[in-house]
Amino acid sequence: MNELSPNDVVITQADAAESGPVRDALEGRADIMAMTQATHDAALKPADPGGLSHGERAALAARIARLNADEGLAAHYATLLEEAGADEAVSAMADPAYKGGGDTRRAALIAYTDLVSVYPRETAAADIEALKTAGVSDADIVRLSELNAFLAYQIRVIAGLKLMKAMA
Amino acid sequence: MSTIIHEFTTEIPRWRPRVQPIKLDEATPEQLDALKVTPSNTKVSDYVLVLANDVETLKVRTPLFNAIMYNRGGMGRAERELSAVGASVVNHCIYCTAVHASRYNQLAKDEEVMRRIFADGEDAELDERKQAIFTFAAKLSKAPSEATQDDMRALRAAGLKDDELLDLILSAALFGWANRLMHTLGDPVIDD
């Protein structure tokens, strides 16, 4: 049986570590929480990041958290961004007001992220073509999609746990 | 010829990728492991072959998906499928909706719920417990801030326990993930 990790990002963000009904429920799904943390590590800090650096991943994750009004989670990713030692242009991607500063590839990564994180139903074939045109490889398109998809999941688990906790 | 479909259905379409799937005969040992390819199991879907482009995420996501949808205890399997459909309808993922609506129908042995959801979308009227589950999943999917304490109270009033609430949150959130892959990286098509 798995036990809940004291370093679990989701549990920390939802402030759900203290004993009580929410923690009891989480302990019953400790395996899922451990796998959730493993997917966080795979999406943010993969051993082989391909063409999407750890810094870019952390910056886009902070951006997605902000687009979903989760400042606590954005702060977590700002820490990862600092740890990655990213340069200024990469760090700028964490700010939703920044649209790429004229860099074609960064602008394409941002445009896709802004669409898929908030309006996934609007995504069309042309949005994938736009990434290809900007020079993003097929493998990196999958990596970018997984990063966005993971964040959508993580943000919603945190939001749900906060609601559970408020009711407990 | 194949036609892209835009309407909800329980007939599972073919998924046509918009990016290149990896080629099985060029797969790395790590990819083969994540794909669970063995000499007796060489059939892998295009969807999984596309995801194998990011093998580190794929190999941890697959067991996570299975645990959330099929682990013992907690919220029933049909209700987890209903939650998946709530998310998939909001995100307009035709493929995910088809797979999970048909699984719901098989598990619940009832087609009326999906008929209503396909006809009325997020406004579908269901019995109290199904309504509470579907509404919460749909709102959490639209934007996390849309789901509120009122929705939690409705779930409680419908009889959901803490372990069931957690499974509902996990299954709805999981389809925030799955929909963003299926709906963006490929098209649901029927072949003539």
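Residues numbered from 1 in each chain as written. Chains lettered and ligands numbered in written order. Predicted model: local features only at pLDDT ≥ 70, side-chain atom pairs only at ≥ 80, totals over all residues. Heavy atoms only, no water.

A. Expanded view of helix α4 (residues 54-67) of chain A. Residue and element names in this part refer to chain A. For α4, built from 14 residues, the straight-helix expectation of 20 Å at 1.5 Å per residue is met to within 8% by its first-to-last C-alpha distance of 20 Å. With respect to burial, α4 is a largely interior element, 11 of its 14 residues being buried. Along α4, the residues that are buried comprise G55, E56, R57, A58, A59, L60, A61, A62, R63, I64 and A65. Buried residues in α4 make contact with α3 (30-44), α5 (71-83), α6 (88-92), α7 (104-118) and α9 (138-167). At the exit of α4 stands A69, carrying a positive phi of roughly 55°. (Helix = DSSP H or I, 4+ residues; strand = E, 2+ residues; numbered from the N terminus. Expected span 1.5 Å × (residues − 1). Buried < 20%, exposed > 50% of the residue type's maximum accessible area, 1.4 Å probe, protein only. Contact = heavy atoms within 4.5 Å.)

B. Broad picture of the interface of chain B and chain A. Contacts between the two partners involve 53 residues from chain B, matched on the other side by 48 residues from chain A. Counting each side, the surface lost to burial between chain B and chain A is near 4300 Å², with a carbon and sulfur contribution of 67%. Area buried by chain B at its contact with chain A is led by E56, W177 and R180 of chain B, which between them contribute 16% of it. Our count for the chain B to chain A interface comes out at one salt bridge. Close ionic contact of R29 of chain A with D167 of chain B constitutes a salt bridge, the shortest N to O distance being 2.8 Å. In this structure, the connection of chain B to chain A is made through 18 residue pairs in polar contact (both at pLDDT 80 or more). Mapped onto the side of chain B that touches chain A, the elements with two or more residues apiece are α2 (46-51), α3 (55-70), α4 (77-90), α7 (128-142), α8 (149-157) and α9 (162-185) of chain B. Counting residues per element, the side of chain B that touches chain A draws most heavily on α9 of chain B, which supplies 16 residues. (Buried area = accessible area lost by both parts, 1.4 Å probe. Salt bridge = Lys/Arg side-chain N within 4 Å of Asp/Glu carboxyl O. Polar contact = N/O pair within 3.5 Å; in protein donor to acceptor, adjacent residues only side chain to side chain.)

C. Up close: the nonpolar core. The biggest cluster of nonpolar side chains holds 121 residues, and the ones touching the most others in it are L151 and Y153 of chain A together with I117 and L185 of chain B. Take this core: its biggest share by element is 15 residues, from α9 of chain A. Residues lining this core come from more than one domain, with at least three contributed by each of domain 1 (2-69) and domain 2 (74-185) of chain B. Those residues within four positions of I117 of chain B in sequence are excluded, and the remaining contacts are L82, V85, V89, A124, L126 and F134 of chain B. (Core = buried A, V, L, I, M, F, W, Y, C linked by side-chain atoms within 4.5 Å. Domains from an automatic or database assignment.)

D. Looking closely at unusual backbone geometry. All names here are of chain A. Despite not being glycine, D15 has its phi angle at roughly 55°, a positive value. In this fold, D15 is placed in the loop between α1 (9-13) and α2 (21-28). According to the relative accessible area criterion, D15 is partly exposed, its value standing at 48%. At A69, a residue that is not glycine, the phi angle is positive and equals roughly 55°. You can see A69 is positioned in the loop between α4 and α5.

E. Just the domain arrangement of chain B, in detail. Residue and element names in this part refer to chain B. On domain assignment, one finds that chain B holds domain 1 (2-69) and domain 2 (74-185). At the interface, 24 residues of domain 1 touch 28 residues of domain 2. Of the roughly 2300 Å² buried where domain 1 meets domain 2, counting both sides, 75% is carbon and sulfur surface. A per-residue breakdown of the area domain 1 buries against domain 2 is headed by F8, I68 and M69, which together make up 35% of the total. In this assembly, domain 1 and domain 2 are joined by zero salt bridges. Counting every contact that joins domain 1 to domain 2 gives six residue pairs in polar contact (both at pLDDT 80 or more). Contributions of two or more residues to the side of domain 1 that touches domain 2 are made by β2 (14-17), α2 and α3. Looking at the side of domain 1 that touches domain 2 element by element, the count peaks at seven residues for α3. A class-by-class count of the residues in the side of domain 1 that touches domain 2 yields 15 nonpolar, four polar and five charged. (Nonpolar A, V, L, I, M, F, W, Y, C, P; charged D, E, K, R; others polar.)

F. Region of interest: the packing of α3 of chain A against α3 of chain B. It is the contact of α3 of chain A with α3 of chain B, at a shortest axis distance of 9 Å, that shows an interaxial angle of 155°. By the angle class used here, α3 of chain A and α3 of chain B are roughly antiparallel. For the pair α3 of chain A and α3 of chain B, the sense of crossing is left-handed. Residues D31, I32, M35, T36, A38, T39, A42 and A43 of chain A of α3 of chain A form the contact with α3 of chain B, whose participating residues are E56, T57, V60, R61, P63, L64, A67 and I68 of chain B. (Axes fitted to C-alpha atoms, helices over the stretch in contact; angles between N-to-C directions. Parallel < 35°, antiparallel > 145°, perpendicular 65-115°, else oblique. Left-handed = near helix turned anticlockwise from the far one by under 90°.)

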